[in-house]
Protein chains: 2
Amino acid sequence: MEAVVSEDVCTKWSETLRVYHTTSCELESELQERHELGLSEFEVLKILSRSCSKGGGKAKMKELEAEMYLSQSALSRTVTRLEKDGLVTRATCDFDRRAMFLMLTPAGQERYEAAQPTYMGVLRAHFA
Amino acid sequence: MEAVVSEDVCTKWSETLRVYHTTSCELESELQERHELGLSEFEVLKILSRSCSKGGGKAKMKELEAEMYLSQSALSRTVTRLEKDGLVTRATCDFDRRAMFLMLTPAGQERYEAAQPTYMGVLRAHFA
DNA sequence: TGACATCCAATGCACGTGCATGTAAGTTTC
DNA sequence: GAAACTTACATGCACGTGCATTGGATGTCA
């Protein structure tokens, strides 16, 4: 009884591990090879694209952080990389000068739209 | 139709991501805090413990590599750390002197048996 | 208003990982 | 048996990450 339950959770975990690993590896390499984007960079573009379309073109760092599985420091550096590539711009918030707004540049929007089908293709291949 | 399928695979992926992230983070921190073991270190001990009980006390690096989601180099260094902590020992194979046998030390066996309930506890909390 | 706590983002640092390469041992081909 | 190839593991290196800290801005309370 106990043993059955134990075996069951182990199986579930190793299944999760397998799916996560194969999918994230393929996402990573496909996005890198075809669009020069890491997975977390793509995720930032994805969230920005979504919130920009309804939020008037900007999102706060804190909002991004809450939606991603990434530490504050890692997110900060990811955004730095994206900014260096000209895909997003940072802007200080007028009302709270501690906070930063992020905005997709046209190049960022374009890059995201080019990469999105690749992303979806991998997901479909693994989950459909 | 297309949209529904798309939404579905996205949901599945983000669910996988969530489960993987929360579980692996908790495994990592619990194992580290209570037993001074990283997750991949624990995984090596786990596989060794299993194959030792039936295989006469040893396993080859290649076998480990095949059973883990870890590159050859990462595995090599993980084993180096375990060896430095006195939990496993390396031994060259007599028949193929390229290959390495790994063996759990008594301390390694002990550490694994102490950590295993912690590991199972986390899995049960997330999957049961 | 002044002192203190809280919050946001950036950065120094240590660490684990993957890729590419090195080294040594085994295998194949002629 | 020598040369070319393959296999097993270790290691140099670059990179992304998390933790802890810093610096600056905001909020709170007396």
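See the structure above.
On a predicted model such as this, the values are computed, not experimentally measured, just so you know.

## Some words on the relation of the copies chain A and chain B
Part 1: Note on the identical chains: chain A maps onto chain B by a rotation of 180° and an axial translation of 0.0 Å, with an RMSD of 0.1 Å. Within this description, the copies of the chain are treated as partners about a two-fold rotation axis.
Part 2: When the interface residues of chain A are mapped onto chain B, 100% of them are again interface residues, pointing to one common binding face.

## Some words on the packing of aromatic side chains
Part 1: A full pass over the atoms with the stated rule returns nine aromatic pairs over all chains.
Part 2: Ring geometry for A:Trp13 and B:Tyr20: centres 6.2 Å apart, planes at 10°, overall stacked. Here A:Trp13, found in helix H1 (residues 2–35), pairs with B:Tyr20, found in helix H1 (residues 2–35), and the two come from separate chains.
Part 3: Ring pairing ties together the aromatic residues A:Trp13, A:Tyr20, A:Phe127, B:Trp13, B:Tyr20 and B:Phe127, which thus form one cluster.

## Considering the pattern of salt bridges
All names here are of chain A.
Part 1: This structure, assessed with the given rule, holds 19 salt bridges over all chains.
Part 2: Among the salt bridges present, the one from Asp96 reaches Arg98, with a minimum N-O distance of 2.9 Å.
Part 3: Taking relative accessible area as the criterion, Arg98 reaches 73% and is therefore assigned exposed.

## Remarks on the protein's contact with DNA strand C
Part 1: Around DNA strand C, 22 residues are found, and the nearest of them are A:Ser76, A:Arg77, A:Arg90, B:Ser71 and B:Arg77.
Part 2: Expressed as a percentage, the sugar and phosphate content of the atoms of DNA strand C within 4 Å of the protein is 57%.
Part 3: Within the side chain of A:Arg98, an N or O atom sits 3.3 Å from a base oxygen of DNA strand C.
Part 4: Contacts to DNA strand C include B:Ser73, whose side-chain N or O atom sits 3.0 Å from a base nitrogen.
Part 5: Those elements that provide at least two residues to the surface near DNA strand C are helix H3 (61–67) and helix H4 (72–84) of chain A together with helix H4 (72–84) of chain B.
Part 6: With five residues, the top contributor of residues to the surface near DNA strand C is H4(B).
Part 7: Within the surface near DNA strand C, the residues separate by chemical class into six nonpolar, seven polar and nine charged.

## A short note on the sheet that holds strand E1 (residues 59–60) of chain B
Whenever strands of a sheet pair, they do so through backbone hydrogen bonds, lying parallel or antiparallel.
Residue and element names in this part refer to chain B.
Part 1: Overall, antiparallel pairing links the three strands, which are arranged E1-E3-E2 in an open sheet. Edge positions in the sheet fall to E1 and strand E2 (88–92), since each has one partner strand and no second.
Part 2: The sheet contact formed by E2 and strand E3 (residues 100–104) spans five bridges and is antiparallel. Bridge pairing in E3 links Arg90 to Leu102.
Part 3: On top of the sheet, H4 reaches E2 and E3; it is set at about 120° to E2, its chief contact.

## Quick word on the side chain of A:Ser49
Part 1: The residue A:Ser49 is located in helix H2 (residues 39–55) in this model.
Part 2: In contact with A:Ser49, other than residues within four places in its own chain, are A:Leu104, A:Gln109 and A:Tyr112.

## Concerning the protein's contact with DNA strand D
Part 1: Surveying the vicinity of DNA strand D reveals 21 residues, the closest of which are A:Ser71, A:Arg77, B:Ser76, B:Arg77 and B:Arg90.
Part 2: Counting only the atoms of DNA strand D that lie within 4 Å of the protein, the sugar and phosphate share comes to 56%.
Part 3: Here B:Gln72 contributes a side-chain N or O atom positioned 2.9 Å from a base nitrogen of DNA strand D.
Part 4: Contact distances for DNA strand D include 2.3 Å between a phosphate oxygen and a side-chain N or O atom of B:Arg90.
Part 5: Mapped onto the surface near DNA strand D, the elements with two or more residues apiece are H4 of chain A together with helix H3 (61–67) and H4 of chain B.
Part 6: Top element by residues in the surface near DNA strand D is H4(A). It accounts for five residues.
Part 7: Residues of the surface near DNA strand D, tallied by class, amount to five nonpolar, seven polar and nine charged.

What counts, and where the lines are drawn
- Residues numbered from 1 in each chain as written.
- Chains lettered and ligands numbered in written order.
- Predicted model: local features only at pLDDT ≥ 70, side-chain atom pairs only at ≥ 80, totals over all residues.
- Heavy atoms only, no water.
- Least-squares fit on C-alpha atoms with pLDDT ≥ 70 in both.
- Contact = heavy atoms within 4.5 Å.
- Phe/Tyr/Trp six-rings, centres within 6.5 Å; stacked < 30°, edge-to-face > 60°.
- Helix = DSSP H or I, 4+ residues; strand = E, 2+ residues; numbered from the N terminus.
- Salt bridge = Lys/Arg side-chain N within 4 Å of Asp/Glu carboxyl O.
- Buried < 20%, exposed > 50% of the residue type's maximum accessible area, 1.4 Å probe, protein only.
- Near = heavy atom within 4 Å.
- Polar contact = N/O pair within 3.5 Å; in protein donor to acceptor, adjacent residues only side chain to side chain.
- Nonpolar A, V, L, I, M, F, W, Y, C, P; charged D, E, K, R; others polar.
- Pairing = 2+ DSSP bridges.
- Axes fitted to C-alpha atoms, helices over the stretch in contact; angles between N-to-C directions.

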